Amino acid sequence: LLVFLSTAFYSGAWRTCVSYSKMVKAGRLRSGSTGKLKRWKKGRSSECNPEIRRHREAARSRFFSRPAVNSDLTVDSLKLHNELQSGSLSSSLKELPKDSPFLEEEEDGVLTEKSGGTFLSGLSDCTNVTFGKVQRLWESNSAAHKEVCAVLAAVTDVIRSQGGQETETEYFAALMTTLEAVESPDSVAAVGYLLNLVLKRVPNAVLIKKFSDTSKVFMNFLSSQANSECTSATRWIISCLATLLRKQDLTTWSYPSTLQIYHGLLSFTVHSKPKVRKAAQHGVCCVLRGSDFMFGDDPPLHYPAAQSTAKFCIQQIEESGGSKDATTTLHILGLLKDLLPSFPVIAVKSCCETMLRVMTLGHVFVTSCAMKAFHSLFSAKPSPSSLTAELNAQMITALYDYIPNENDLQPVLAWLTVMEKAHINLSRLQSDLCFGHLPRFFSAAMNCFLSPHTDVVSTAMQTLKTLIQDCVAPHVTEIGPLNLSVASGPASSICKLFRAVEDGLTYKFHASWAFVLQVLRSFFEVAGKQGYLIMKKCLQTLCDLRCAPQFHFTGELDRAVGAAVETMGPENVLLVIPLEITGTEQTLDFPRSWLIPVLRDHVKNAELGFFARYFMPLAASLKNRATELAEAGRPLESKIYDTLQWQIWTILPGFCNGPTDIVSSFKGVARTLGMLIADRADVRLTLCQALRVLISKGCKTDEDRAEVGRFAKNFLPILFNLYCQQNAEEENASYRAPVLDTIKSYLTLTEQKLICGFLEKASEKLNNPESTEKTRLSVLDLITAMAPYTDEQALCSVYRVILPCLESKTRSIQKKAYRVLEEVCGGERESCKQFVHKTVEELKMTLLESLKSASSPAKRPRLKCLIHIVKQLSAEHEDFIRAIIPEVIICTKEASVGARRNAYSLLVEIAHAFMRFNSDQKEAIQQYLALVYAGLVGSVTMISCTVLALTRLVYEFKDLMSTLVLEELLQNVCLLLGSKTREIVKSALGFVKVIVFIMDIKLLAQHLQLIMEGIGNIKDDIRRNLRVKLKNIYTKFIRKFGFDLVKSMLPEDCHKVLVNIRKAEAKNKKFKAMKSVAEAGSDSEDEHFKESGNSIEEILAETDSEEENKKTVKEPKKQVRKKSLAWLKEGEEDEPLNFLDPKVTHRVLATRPGLNKSSKMKHDFKITSDGRLIIKDNEEATSRGQKEELEDVMADIGIRSKKPQKKGLREEADEDAMMETDSQSQYKAGGSGIHRPLSKKVGFGEEYKSKKGRGDVKRKGKPDPYAYIPLNKAQLNRRKKAKNQGRFSGLVKAARRGAKAGHRMQNKQKQRKA
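These numbers were taken from a predicted model, which means no experiment stands behind them. (Residues numbered from 1 in each chain as written. Predicted model: local features only at pLDDT ≥ 70, side-chain atom pairs only at ≥ 80, totals over all residues. Heavy atoms only, no water.)

### What to know about the overall build of the protein chain
Part 1: The helix and strand tally for the protein chain stands at 60 helices and six strands.
Part 2: For the protein chain, the proportion of its 1314 residues judged to be buried stands at 44%.
Part 3: Long-range contacts, defined as pairs at least 24 residues apart, comprise 69% of the intrachain contacts of the protein chain with a sequence gap of at least 6.
Part 4: Carbon together with sulfur atoms contributes 52% to the accessible area of the protein chain, which is approximately 72900 Å² in total. (Helix = DSSP H or I, 4+ residues; strand = E, 2+ residues; numbered from the N terminus. Buried < 20%, exposed > 50% of the residue type's maximum accessible area, 1.4 Å probe, protein only. Contact = heavy atoms within 4.5 Å. Areas by Shrake-Rupley, 256 points an atom, 1.4 Å probe, with all protein chains shown as cover.)

### Quick look at unusual backbone geometry
It is generally the case that most residues other than glycine have a negative phi and that most peptide bonds are trans.
Part 1: Despite not being glycine, E166 shows a phi value in the positive range, around 60°.
Part 2: Relative to the elements of secondary structure, E166 occurs in the loop between α7 (143–161) and α8 (168–181).
Part 3: You can call E166 buried: its relative accessible area is 9%.
Part 4: Its identity is not glycine, yet E580 carries a phi of approximately 60°, on the positive side.
Part 5: Looking at the element boundaries, E580 is found in the loop between α27 (570–576) and α28 (595–602).

### A look at the side chain of K844
Part 1: Residue position: K844 is located in helix α42 (residues 840–849).
Part 2: A relative accessible area of 10% means that K844 is categorised as buried.
Part 3: Beyond its immediate chain neighbours, meaning those up to four positions away, K844 contacts H877 and F880.

### Concerning the packing of aromatic side chains
Ring pairs (aromatic) are described by centroid distance and by the angle formed between their planes.
Part 1: If you walk through the whole model with that rule in mind, you get 27 aromatic pairs.
Part 2: By the ring-pair criterion, three or more aromatic residues cluster together here, those being F610, F611, Y614, F615, W649 and F655.
Part 3: The ring of Y400 has R440 sitting right over it, with the charged end atom 3.9 Å from the ring centre.
Part 4: The lysine or arginine in question, K958, covers the ring of Y955, its NZ or CZ lying 5.2 Å from the ring centre. (Phe/Tyr/Trp six-rings, centres within 6.5 Å; stacked < 30°, edge-to-face > 60°. Lys NZ or Arg CZ within 6 Å of the ring centre and 35° of its normal.)

### Thoughts on the pattern of salt bridges
Part 1: For the structure on display, the rule yields 28 salt bridges.
Part 2: With a shortest N-O distance of 2.8 Å, R160 and E166 are connected by a salt bridge.
Part 3: Using a relative accessible area of 29% as the deciding quantity, one classes R160 as partly exposed.
Part 4: A salt bridge links K893 to E983; the shortest N-O distance between them is 3.6 Å. Of this pair, K893 sits in the loop between α44 (878–890) and α45 (897–917) while E983 sits in helix α49 (residues 982–998), placing them 90 residues apart in sequence.
Part 5: Overall, E983 belongs to the partly exposed group, its relative accessible area being 30%.
Part 6: The network of salt bridges with shared partners includes K623, D642, R680 and D682. (Salt bridge = Lys/Arg side-chain N within 4 Å of Asp/Glu carboxyl O.)

### Some thoughts on a negative patch on the surface
Part 1: Residues D1020, D1021, E1052 and D1053 make up a contiguous surface patch of negative charge.
Part 2: The residue D1021 is located in helix α52 (residues 1020–1025) in this model. (Patch = residues over 30% accessible without salt bridge, like charges linked within 9 Å, V, L, I, M, F, W, Y side chains within 5 Å. Lys, Arg positive; Asp, Glu negative; His and termini not counted. Charge placed at Lys NZ, Arg CZ, Asp CG, Glu CD.)

### What to know about the nonpolar core
Part 1: In terms of nonpolar packing, the biggest core is built from 348 residues, with F343, F442, F449, F524, F666 and F1037 touching the most fellow members.
Part 2: Look past the residues within four positions of F524 in its chain and what remains in contact with it is F498, M535, C538, L539, L542, A560, A563, A564, T567 and M568. (Core = buried A, V, L, I, M, F, W, Y, C linked by side-chain atoms within 4.5 Å.)

### Topic: the environment of L152
Part 1: Position of L152 among the secondary structure elements: in helix α7.
Part 2: Sequence separation between L152 and L194 is 42 residues; the distance between their C-alpha atoms is 7.6 Å.

### With respect to the packing of helix α39 (residues 792–806) against α42
The angle between the axes and the distance between the axes are what describe a pair of packed helices.
Part 1: At their nearest, the axes of α39 and α42 sit 11 Å apart, and the two run at 15° to each other. Compared by their axis directions, α39 and α42 come out roughly parallel. For the crossing formed where α39 meets α42, the hand is left-handed. Of α42, the residues touching α39 (which contributes Y799, R800, L803 and L806) are E842, L843 and T846. (Axes fitted to C-alpha atoms, helices over the stretch in contact; angles between N-to-C directions. Parallel < 35°, antiparallel > 145°, perpendicular 65-115°, else oblique. Left-handed = near helix turned anticlockwise from the far one by under 90°.)

### Topic: a positive patch on the surface
Part 1: On the surface, R1296, K1300, R1304, K1308 and R1312 cluster together into a patch of positive charge.
Part 2: Among the secondary structure elements, R1296 is positioned in helix α60 (residues 1281–1313).
Part 3: Overall, R1296 belongs to the exposed group, its relative accessible area being 56%.

### Re the packing of helix α48 (residues 963–976) against α49
Part 1: Their axes nearest at 9 Å, the elements α48 and α49 cross at an angle of 145°. Note on packing geometry: the crossing formed by α48 with α49 is left-handed. Between α48 and α49, the contacting residues are L969, L970, V973 and L976 on the first element and I984, V985, A988, F991 and I995 on the second.

Listed below in structure tokens is the structure:
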């Protein structure tokens, strides 16, 4: 392997590489060399070189003599050379003739480029994947890229000439030899770039073996080029050196020479050139954190060079300090941000102490960078070997000396973020120590709530919430109940934390109460269960604030109290904050009534017995009080008490959500609930909801389900009777639906034997001749709900009972009977599956015989039954499937949307059945299509339905249909476009629309002429009727094939529509372009308004260009002295500023005092009347056209439907369920006659106008028809006082005239009656 490493092997390689690199330069001159060259005057270039003639003499001697050997120069090779100099290689190769000598034919007949055909053959056919990136750059116009390509081509040719295999090791040896030989900075940069690529893939053994020689070459170059202006070569050599160091093993790092080489790399981390500095910093980070032996077996705790790296960083910071620009300090702090987590604990301590010392200098940028380094250290969550809990705690204590002023926005935000990460990391290392430090930080963070900056307050709130969740929540259960009597420990610390947050409810924090309440809410959520005793006082304070008249944060307070209700339980909360509602109040004030909605929205996992003990007697007393007041003739007060008792019952569903005592308490409330459901219509829906919640979310164990199911024999008869009642009130579907849902939920817990008994009684009532039609319909609904939960014997009896109903002439009865059969056939239980399996023959006969008597409303459940049955059929039942195909096809044009959808689904399910019967799926689809084709020779309706069926089948199974089948279908459908019947043409157009959507554009282009001829053959009257659908199809064709091609294939009558479409498309395109430009402009404005200097990357940005090697002349820039970016805050009132005060650094502000706090930024978002922004999703806006097209196709194949806009169009729109969104009429009504506006705009107050006489009349359920004047602060303007008075006086006069007119009319009526 190491044979190729011999220098002698490649002793002449570097000369070849240099010659290749010079050859490719193609006349490019180095920067700065133009002045040294000889120039000749214009027109005299042939006379200005008389001294040097050797090339001319040699050419002249060969001009009249023929060469001794045959030349390799041919016309084709010369052509290839010229194209390589001017164009791309790929385009040149395409233009070569097949018999070109530079192309050779492989075994499979493919023409490929002959090896060695060009001077860049070493690049174009390089087999090493390492240089794939270089091969993509060879067409670049950059001189540096061309240099890289030339070097790679030369090295590849040298390796091949020596018989190499083009391995990474060979490239490494050749490039190292070349690096020692080349002198041009551009060539060195190219070699360094290629070395940087290949070193990552060279085997570690090779790099370890040749570490000494290789590192010596790199260090010699870096020492000679340390102060060079060309940074490209230096940057790549630094990267190579870092990769070389990263590949060494632990033994190599024990040698002093290795550390010396590493320190050489480390010295470049403070280089003045940004590219060199960044490359060195990246290399150091890779060495310390990404060396191979750190990820192997038994790695060391820390890197061998970590300690020396820390010492270097400390030394650089101490030498530079914070004086002047402190550039070196900023660079080192940026490096420490990445390296601190990988240092040993001693080094971390020294570095942190140094950073804390340099922060005392008050340099704003240095402080910011140091904070970022601390944040990176804590966020990395280092191991105790790098950061111990004690050191973490010491750093937290030290950072309190650097608390910024609460008015200094950015430093405060940075300090809060760093302290948050520090406490979270300390909690990870040692939770008890963290609890000891949290109270002080909570007190400091609460002071930030006094800041005038909303960002500071919001960040402080979020910080406290995060610490509560990450530091307190994981340990609160272990700590146990919290008590004020505990003097020390975590429990005492949590009490102090809560007390600090509770102090935020004092008046001095009133501007930030909304944020304080959110922190309290988090505390209630985390520690409410254990901290009830310490939180009682806070709950009382919240209650007092809620009742205060000037309190504006009711929503936040209600959510905080709601969190307490969730964790503490409603019983504990009501002990502290009683409702103070008894039903015997003398006044109707009810100050604590706000608690009822809070309890309703937040109660869960509570004791059901507490509701029975506390709320049920209270609701009963309130109801009695309401009844007494109603009897006493006080309806308003009675209504208030009645509303209160209803609100009490709305709390019950929350108690049923995960109750903890179902087994012991449900039996105490079951009897009362049953009586109330039967007798009380006002709370019936709420109680039914409570039962459903209890069954779905409360019964989590088998004991709970058994306890609730035990009362099914009591609840189900009550619910059955309610559902079957014939009162006018119960006839409302919205009222009966919750009762039926409750029945279905309770049936899941009921024993099968009990359900069979109920089912038998329902069957008897259904067959009872005395039962009315409404009763029979209700009983059928109950049978539908109970049938899936019964045994096979009961299902057979139910089937016998509903057989006569399937032949009933009453449509509603027939529909309900099919619904029963649908539930039985589609049941998931084993009894339902066994029933269908055993009675499948009888079901087939029944469904075929009842086909003629099936009404239109019964089609939807009937088709659903067929879907469930077809899914379970085998190949022996193919005759039945063939028999139902005509019915299914006809049902695709049913009036009911559900029936049409089921018909399309059944068509697809039948196709799946044929695919099950036949192993060859394509042949199965062919057989199925042959059966469907028979409908094309039937009646007009049958043809139309068949085309719709074929449309859906083509959409679903296009992958299983051959191109020949699709072409035949398209030809037949295009023939139908010439039909005289509108229904057929309409269905055919739907088929064309789907074909355009799913067919490949190349295949569609072959049949475009056929489709356009078919569309052109549509009759004029049908064309007018279907103009919207045709316009939609034209638009799709224009988008796919262009306007001119579509126009040339359509008759002249359609050209006007096409021109209109083109204008509309151009308008839409222009509108989208303008909108995108506006959005881009708003983004640029946002970027313009951003403040500079917020990030360390912006601070440390240099003025050096990214392409330094391209610049030849630099213009001298004037040195502009920047203004200081730090401000000193003066003393309070008359107190002078003391510079000897240790806390004087708190008065150094990074934000200018008195600066405008908020700068409003412009945006293009629309705003609602209440100030909310309307933000639309860009993704929806860009893909709206595709979605509309997809929805249109879905509508044509029956998957989706759209309700028509007018009742008169309902029948037509339901026939194809299409969505016509592209074209809407722009006509606006106006004028008289047929052009009059049909919808008149109702004026203000016209609904009170009397139809019989003058004046206004009262309307039921609306305010009285008085003149209501809206309040407006503009009316307080003194200049408009006279104008406002005139308005009001006119209103009063008009009201008086109306009153007089009404009074006269009343007198006239009285006189007539007299």
